[in-house]
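Summary of structural features
So you can see what is in the structure, the chains are spelled out below.
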Amino acid sequence: DVWSIGCIFYEIFYGKSPFDEFSLIKKIQTITDKLDYLVFPENSSVLLNDLIKFCLKKDPNLRIFIEEILIHPFFLPFLDHTLTVYIEN
């Protein structure tokens, strides 16, 4: 699911899980809490952080869709123009 994708992106790019600094109990509380405790490393990509934030929205109804991940501005430099046009249509 999209939550897992966000966790994977975070771990691939930052080398640890999104809530790695918390104990197990605090991690569960943080993930289920309504507040946003997501912290990004200094000097990290604003576009990547934006994508990860949309993947890790606590409310599943507010999360980005898979199709939207593919056309998120973070990925646009890597996409072939024809693929972008195909996805948008």
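Residues numbered from 1 in each chain as written. Predicted model: local features only at pLDDT ≥ 70, side-chain atom pairs only at ≥ 80, totals over all residues. Heavy atoms only, no water.

**Topic: the state of the cysteines**
- The full count for this structure, using the stated rule, is zero disulfides.
- Summary of cysteine pairing: Cys55 is not part of a disulfide, and the nearest cysteine sulfur, belonging to Cys7, is at 9.1 Å.
- Assessed through its relative accessible area of 0%, Cys55 is described here as buried. (Disulfide = S-S within 2.5 Å. Buried < 20%, exposed > 50% of the residue type's maximum accessible area, 1.4 Å probe, protein only.)

**A short note on unusual backbone geometry**
- Despite not being glycine, Asn43 has its phi angle at roughly 60 degrees, a positive value.
- Note on placement: Asn43 falls in the loop between α2 (24–32) and α3 (46–55).
- Look at Asn43 and you get exposed, because its relative accessible area is 80%. (Helix = DSSP H or I, 4+ residues; strand = E, 2+ residues; numbered from the N terminus.)

**Observations concerning the confidence of the model for the protein chain**
- For the protein chain, per-residue confidence averages 86 on the pLDDT scale, and residues scoring 70 or more make up 89% of the total.
- Considering each helix and strand of the protein chain separately, the mean pLDDT is smallest for helix α5 (residues 81–88), with a value of 54, and largest for α3, with 96. (pLDDT = per-residue confidence, 0-100.)

**Some thoughts on the layout of surface pockets**
- Of the volumes computed, that of the largest pocket is approximately 240 Å³.
- Considering the residues around the largest pocket, the lining is formed by 15 residues, among which Asp36, Lys53, Leu56, Lys57 and Lys58 are closest to the centre.
- For the lining of the largest pocket, the element with the most residues is α3, which contributes three residues.
- Among the residues forming the lining of the largest pocket, the class breakdown is eight nonpolar, no polar and seven charged. (1 Å grid on protein atoms, 1.4 Å probe; cavity = no way out; pocket = protein on both sides within 12 Å on 5 of 7 lines; lining within 4 Å. Points joined across faces, edges and corners; volume = space filled by probe spheres on them. Nonpolar A, V, L, I, M, F, W, Y, C, P; charged D, E, K, R; others polar.)

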